[in-house]
Amino acid sequence: MTQTVGELNPPVRLMLTPGPSSVDPRVYRAMATPLVGHLDPWFKTCMDETQLLLRQIFQTENRLTMPLSASGSGGIEASVLNTLEEGDEGIVAVNGLFSDRMYEIAQRTSAKITKVEAPYGNTVDAEDVRRAGKGRKIKIIGLAQGETSSGVLTQLADFRKVADELGALLVADTVASLAAVPLHVDNERVDICFSGTQKAISAPPGMSPITVSARGEEVMRTRKTKVQSWYFDLTTAMNYWGKERLYHHTPPISLIYALREAMRIVMQEGLAVRWERHRTNQLALIAGLEAMGLELLVKNPAERLPTVTAVMIPKGIDDARVRNQLLDEFNIEIAGGLGPLKGKIWRVGLMGYCSQKNNVLLFLAALEKIMLELGLRVPEGGGVAAAIRNYTQVETASAASR
């Protein structure tokens, strides 16, 4: 037991994964500032500012708005466990691994849960949800706005209409979409909306922002039974994040510093500008990939999630070999598929700080080199050239509109 451990010195990677993403140096600096106590008067002000920024990014006035000390999966658990109890019924729209996780967690409650599915790479049809709930008293309808496992974007409006018809709360997973895709919680009347800090917000992983409407709060207050989880009981957790600031648990103080700084950067850029940046960079990436002869999992352009692009792996190409070479030779990390998509797709993330033009061009050039070395016929320089043309078109159109 005399072995010593050296100083921590992780490599610098370009994190083009579906999460976590690389973070702005300003966020690292915020994490390195001094710790204070979680009940310190100064920290209470920091908490107020964190909640203010969260409300701005969610675009809501909801009282119950806070970051949970948990990953995005904790956000799923809090959303489901706080709303469902014995005798309730819920519907979960499943089109990927993480929406299926919401279904799995909901099944562990005493409620009756119905799964409405679509193949990975597609959106669930809101009409199928309507049919599944017809004639029944539905408590919640849950779905993922951005399905990380397949790169699918789901529009919320049709599901809100169905939820209104069925008298249900609308629960939206925005882990992969918040701060990268248009979202207005109040205008779109999302009852419970949760996310993760490590994706388009570009903070470290470990916190799950959540916001709950007044109607959602009322459902929680009028429960007949206790929430199955003490830790994720939002009615007590909010006592710490509310005006009382009553002790609930010791939060990850340095992560809250980082989240506050990351969100300050988001709002400094502006939500509309940030949404457009993500859209522009993904369109350039797609143009480059298609110029190289690669296909995408999501065929409908309107259903492509700007933060995660799912690329079909060409026949005969070894998934892990390509990802390992990107990492070893270029310090670029991307992800493979999960569940039924394992070995079938690469998932390329352009999230928050990583969604930059130079990262798109570097990745396309690196991928082309590897593809050529593996014997795949791709036009030399074609991917980068196509992306540059796409950027030029966007810049020209933007200049003309001024």
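Counting restarts for each chain, with residues numbered from 1 along the sequence as it is written. Local features in this predicted model are restricted to residues whose pLDDT is 70 or higher, and side-chain atom pairs enter the listing and the counts only when it is 80 or higher, whereas totals over whole chains, interfaces and linings include all residues. Heavy atoms throughout the structure, all of them, feed into the side-chain values; hydrogens and water do not.

Trainee: Before we move on, can you summarise the sheet that holds strand S4 (residues 112-117) with the specific residues and values?
Mentor: Whether two strands pair depends on DSSP finding at least two bridges between them. Working definition: helices are DSSP H or I runs of at least four residues, strands are E runs of at least two. Numbering for both runs from the N terminus. Reading across from one edge, S2-S10-S9-S8-S5-S3-S4 is the order of the seven strands in this open sheet, with mixed pairing throughout. Two strands lie at the open edges of the sheet, namely strand S2 (64-68) and S4, each paired on one side alone. Averaged over all pairs of adjacent strands, the angle between their axes in this sheet comes to 15°, without regard to strand direction. Here strand S9 (residues 192-194) runs beside strand S10 (residues 208-212); their pairing, made up of three bridges, is antiparallel. Considered in S10, the bridge of Cys193 is made with Thr211. By definition in these notes, contact holds between two residues if any of their heavy atoms fall within 4.5 Å. Helix axes are fitted to C-alpha atoms over the stretch in contact, other axes to C-alpha atoms as well, and angles between N-to-C directions run from 0 to 180 degrees. Strand contacts of helix H5 (residues 126-133): strand S3 (89-94), S4 and strand S5 (140-144), with the helix running at about 150° to S4, the strand carrying the most contacts.

Trainee: Pulling in residues and values, what's your account of the pairing of S4?
Mentor: Two elements, S3 and S4, share six bridges in a ladder whose sense is parallel. By the bridge assignment, Glu89 is partnered in S4 with Lys112. One crossover worth recording links S3 to the parallel S4 by way of helix H4 (residues 97-107), and it is right-handed. Handedness of a crossover: with both strands directed away from the viewer, a clockwise path from the first strand across the helix to the second marks it as right-handed.

Trainee: Provide a residue-level description of the side chain of Asp88, including the pertinent values.
Mentor: Within the element layout of this structure, Asp88 appears in the loop between helix H3 (72-81) and S3. Think of it in three bands: with a 1.4 Å probe and only protein chains considered, a residue is buried below 20% of the maximum accessible area for its type, exposed above 50%, and partly exposed in between. The exposure class assigned to Asp88 is buried, which follows from its relative accessible area of 15%. A distance of 2.9 Å separates a polar atom in the side chain of Asp88 from the backbone nitrogen of Glu85. When sequence neighbours within four positions are dropped, the list of residues in contact with Asp88 reads Thr83, Ala111, Lys112 and Lys139. Identification of polar contacts relies on pairs of N or O atoms within 3.5 Å, with a donor-acceptor requirement for protein atoms, meaning one able to donate a hydrogen and the other able to accept it, and with residues adjacent in sequence counted only if both atoms are side-chain atoms.

Trainee: Explain the sheet that holds strand S14 (residues 345-349) residue by residue, including any values.
Mentor: Across the sheet, three strands lie side by side as S11-S14-S13; this open sheet has antiparallel pairing. Sheet topology places strand S11 (308-312) and strand S13 (335-336) at the edges, where each strand pairs with a single neighbour. With two bridges joining them, S13 and S14 adopt antiparallel strand pairing. Note on S14: the bridge partner recorded for Ala335 is Arg347. Against the sheet, helix H10 (residues 271-291) engages S11 and S14, with an angle of about 10° to S11.

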